[in-house]
Amino acid sequence: AGEKTQKPQILKGGPEVLSEMDPKRTLFLCYPDEEAEPDPSSTEPPTSLGGACLANFKGTHVIHVGELYGDTLSIDQAPWGRSSS
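Draft legend 1. Seen up close, the overall build of the chain. Along its length, the chain carries one helix and two strands. The buried share of the chain, reckoned over its 85 residues, is 19%. Taking as baseline every contact in the chain between residues at least 6 positions apart, the subset at least 24 positions apart corresponds to 55%. Here the chain displays about 6,900 Å² of accessible surface, and carbon together with sulfur accounts for 54% of that area.

See below:
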């Protein structure tokens with residue numbers, strides 16, 4: 001009865017807003033396999049959305065919903081949607 005519950009913190013923006021998130025919070029990633037648009041001015045390869053989120057997240061706990069790499073269908077196999085890879 002004495003426990004405090006926290007409201008979800010929802011930030012608008014891309015993966016970079018996660019660096020502003022309280023590191024005591026948990027990151028929830030659902031279907032994080034889309035690659036970001038390539039930056040024509042960069043020599044770095046495009047980063048996946050999930051990878052960019054993890055790179056910017058400062059916390060220690062992540063909830064991942066999806067399939068593991070190797071068990072995920074491609075866009076050709078599942079045009080209606082995929083899980084993470």
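Draft legend 2. Layout of the environment of arginine 25. Following the sequence through the fold, arginine 25 ends up in the segment before strand E1 (26-30). As a C-alpha pair, arginine 25 and threonine 60 span 35 residues in sequence and 8.3 Å in three-dimensional space. Sequence-distant contacts of arginine 25, defined by excluding residues within four places in its chain, comprise Gln6, Lys7, Pro8, Gln9, Phe57 and His61.

Draft legend 3. Representation of the nonpolar core in the model. Membership of the largest hydrophobic core is limited to six residues, which are Leu18, Met21, Leu27, Leu29, Cys53 and Phe57. Those residues within four positions of leucine 29 in sequence are excluded, and the remaining contacts are Gly50, Cys53, Leu54, Val62, Ile63, His64 and Val65.

Draft legend 4. Spatial organisation of a nonpolar patch on the surface. A contiguous nonpolar patch, built from Phe28, Ile63 and Val65 and spanning about 270 Å² of accessible area, is present on the exposed surface. What makes isoleucine 63 partly exposed here is its relative accessible area of 43%.

Draft legend 5. Helix H1 (residues 49-56), seen in detail. When H1 is considered as a whole, its buried residues turn out to be Gly50, Ala52 and Cys53. Looking straight down H1, one finds its buried side chains confined to an arc of 165°; they lie on one side. Close packing links the buried residues of H1 with E1.

Parameters at a glance
- Residues numbered from 1 in each chain as written.
- Predicted model: local features only at pLDDT ≥ 70, side-chain atom pairs only at ≥ 80, totals over all residues.
- Heavy atoms only, no water.
- Helix = DSSP H or I, 4+ residues; strand = E, 2+ residues; numbered from the N terminus.
- Buried < 20%, exposed > 50% of the residue type's maximum accessible area, 1.4 Å probe, protein only.
- Contact = heavy atoms within 4.5 Å.
- Areas by Shrake-Rupley, 256 points an atom, 1.4 Å probe, with all protein chains shown as cover.
- Core = buried A, V, L, I, M, F, W, Y, C linked by side-chain atoms within 4.5 Å.
- Patch = residues over 30% accessible without salt bridge, like charges linked within 9 Å, V, L, I, M, F, W, Y side chains within 5 Å.
- Salt bridge = Lys/Arg side-chain N within 4 Å of Asp/Glu carboxyl O.
- Arc of directions from axis to C-beta.

So far we have only geometry, and geometry alone does not tell us how the molecule works.
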